[in-house]
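Next come the chains, spelled out residue by residue.
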Amino acid sequence: MAWPPLAAFGMGPFLEPMIVPDTDSAAGPPLGPVILLGVPGAGKGTQAQRIVARYAIPQISTGDIFRAAAGTAQGRQLAAYMERGELVPDELVCAIIAPRLAGPDCRRGFILDGFPRTIPQADWLLDFLACRGLAGPRGPIVVYLTVGYNDLYRRLAGRRTCPACGRIYNDFSQPPQRPGLCDLDGSALVQRRDDDPEVIRERLISYEERTLPLIEHLRRRTCFHQIYGADPVARVTENVFWALETCRDGAR
Ligand code: AMP
C-alpha cells in the first residue's frame, strides 16, 4: 500500500511527530502484538510512540510500569534492581505484566517495549498469547532495532523525557525547541536515573548476556523484521511501518 507522506501525521526529517492517533489506519484489520527489541537506546520508546499515533493501540513498557510503581513496597523492590542496571526477576516481571495484557484495550493489538528481555519471558509471552487467542493473525510481530555501540552512549546520555506527557527528546539528535522544556506542555525535562554512565554500562552488559540470545530465539517463532535504528528517526519510522504492514498483510 502507498503511505501518506510522513508530514501528514506531523513528521518530517529530524522532527518529532505530533502524537495524534490516526483513526483511518486504526480501522484496518487488527495488528496483533508488536514486540520491539533492541539494546537500551536503540530507539524503542520513540518508535513505540509513533506506532501508537498511527495504529491507536496501547504501548506497554515494563520499564514505565515499574517506574510508575515508585512509592509502593513493590516499587521499592523493583527500583533496587533498576538502579543497579540489573534485570528484574522473570517471575516478577511476568506477574506484573499479565493483567495489563489481559486489558480490553489490548484486543486489537499492543506494543511491547522492553518486554520480553529473556528467553523465559519470551516463552511465557508466546504461551500466554496463544492461550488467550491474542497472538494476532500472523503471530506476534517483532521489530528488532539495531544500532552500533558507538552511537549508543550518546543516545542514552543525551536522553531527556517529559515527566508530564512522556515525550522523549535527545540533547544531541532531537533537542526540544526551548532547552530543557517539553515542546508540548512546557514541563521541565528530566533525565532517567538509570541513564547515568555507570548504570548504562551495567545495562549494556545485562543486554549482551541475557537479551541478545533472545533475538535468534524469536527470529524463528515470530514475524521478524530487523531494522537499522541509527538512520534519521523519520526513516526508521517508515521502515517500521512497512514491516508492520508486511506482517499484517501476511506477505511474510
Ligand atoms: P527500560 O525503561 O526498558 O530501559 O527498563 C528500565 C529497567 O527496568 C531495566 O534496566 C530493568 O532493570 C527493568 N526492566 C524493564 N523491563 C524488564 C524486563 N522485561 N525484564 C527485567 N527487567 C526489566
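The coordinates are above.
Calculation notes
- Residues numbered from 1 in each chain as written.
- Predicted model: local features only at pLDDT ≥ 70, side-chain atom pairs only at ≥ 80, totals over all residues.
- Heavy atoms only, no water.
- Helix = DSSP H or I, 4+ residues; strand = E, 2+ residues; numbered from the N terminus.
- Contact = heavy atoms within 4.5 Å.
- Disulfide = S-S within 2.5 Å.
- Buried < 20%, exposed > 50% of the residue type's maximum accessible area, 1.4 Å probe, protein only.
- Pairing = 2+ DSSP bridges.
- Core = buried A, V, L, I, M, F, W, Y, C linked by side-chain atoms within 4.5 Å.
- Axes fitted to C-alpha atoms, helices over the stretch in contact; angles between N-to-C directions.
- Parallel < 35°, antiparallel > 145°, perpendicular 65-115°, else oblique.
- Left-handed = near helix turned anticlockwise from the far one by under 90°.
- Near = heavy atom within 4 Å.
- Polar contact = N/O pair within 3.5 Å; in protein donor to acceptor, adjacent residues only side chain to side chain.
- Areas by Shrake-Rupley, 256 points an atom, 1.4 Å probe, with all protein chains shown as cover.
- Nonpolar A, V, L, I, M, F, W, Y, C, P; charged D, E, K, R; others polar.

**A few points about the overall build of the protein chain**
If you tally the helices and strands in the protein chain, you get nine helices and seven strands. Excluding contacts between residues fewer than 6 apart, the proportion of contacts in the protein chain whose partners are at least 24 apart in sequence is 72%.

**A few points about the state of the cysteines**
All told, the structure shown has one disulfide when counted by the stated rule. Each disulfide pairs two cysteine sulfurs, and for cysteine 223 the partner residue is cysteine 247, the sulfurs being separated by 2.2 Å. Disulfide cysteine 223 to cysteine 247: torsion about the S-S bond roughly -90 degrees, handedness left-handed. You can see cysteine 223 sitting in strand β7 (residues 223–228) and its partner cysteine 247 sitting in helix α9 (residues 233–249), a full 24 residues away along the chain. The class of cysteine 223 is buried, set by a relative accessible area of 5%. Owing to a relative accessible area of 1%, cysteine 247 belongs among the buried residues under this scheme. Cysteine 165 carries a free sulfur, and the closest cysteine sulfur to it, the one in cysteine 162, is 3.7 Å from it.

**A few points about the pairing of strand β1 (residues 32–37)**
In terms of burial, β1 is largely enclosed, as six of its six residues are buried. In the sheet, β1 pairs with strand β4 (residues 141–146) via four bridges, with the strands oriented parallel. Bridge pairing links isoleucine 35 to valine 142 in β4.

**Let's talk about the nonpolar core**
Ile51, Leu112, Val143 and Leu244 are the most contacted members of the largest nonpolar core, which totals 58 residues. Element by element, the count of residues in this core is highest for helix α5 (residues 90–101), at seven residues. Apart from residues no more than four positions distant in its own chain, isoleucine 51 is found in contact with Leu36, Ala56, Ile57, Ile111, Val240, Phe241 and Leu244.

**Remarks on the packing of α5 against helix α6 (residues 119–132)**
Orientation of α5 relative to α6, taken along the N-to-C sense of each, is 30 degrees, at an axis distance of 10 Å. For the element pair α5 / α6, the angle class is roughly parallel. Note on packing geometry: the crossing formed by α5 with α6 is right-handed. Seen from α5, the contacting residues are Asp90, Val93, Cys94, Ile97, Ala98 and Leu101; seen from α6, they are Pro120, Gln121, Trp124, Leu125 and Phe128.

**Some details on the site of the ligand**
Near the ligand lie 16 residues; those nearest to it are Thr62, Arg67, Glu86, Gly114 and Arg117. Measuring from a nitrogen atom of the ligand, one finds a side-chain N or O atom of threonine 62 at 2.7 Å. Separating a nitrogen atom of the ligand from a backbone N or O atom of valine 88 is a distance of 3.0 Å. In isolation the ligand has 480 Å² of accessible area, and contact with the protein removes 96% of it. Broken down by element, the residue count for the shell around the ligand peaks at four residues, all from helix α3 (residues 62–68). Looking at the shell around the ligand, its residues break down into six nonpolar, four polar and six charged.

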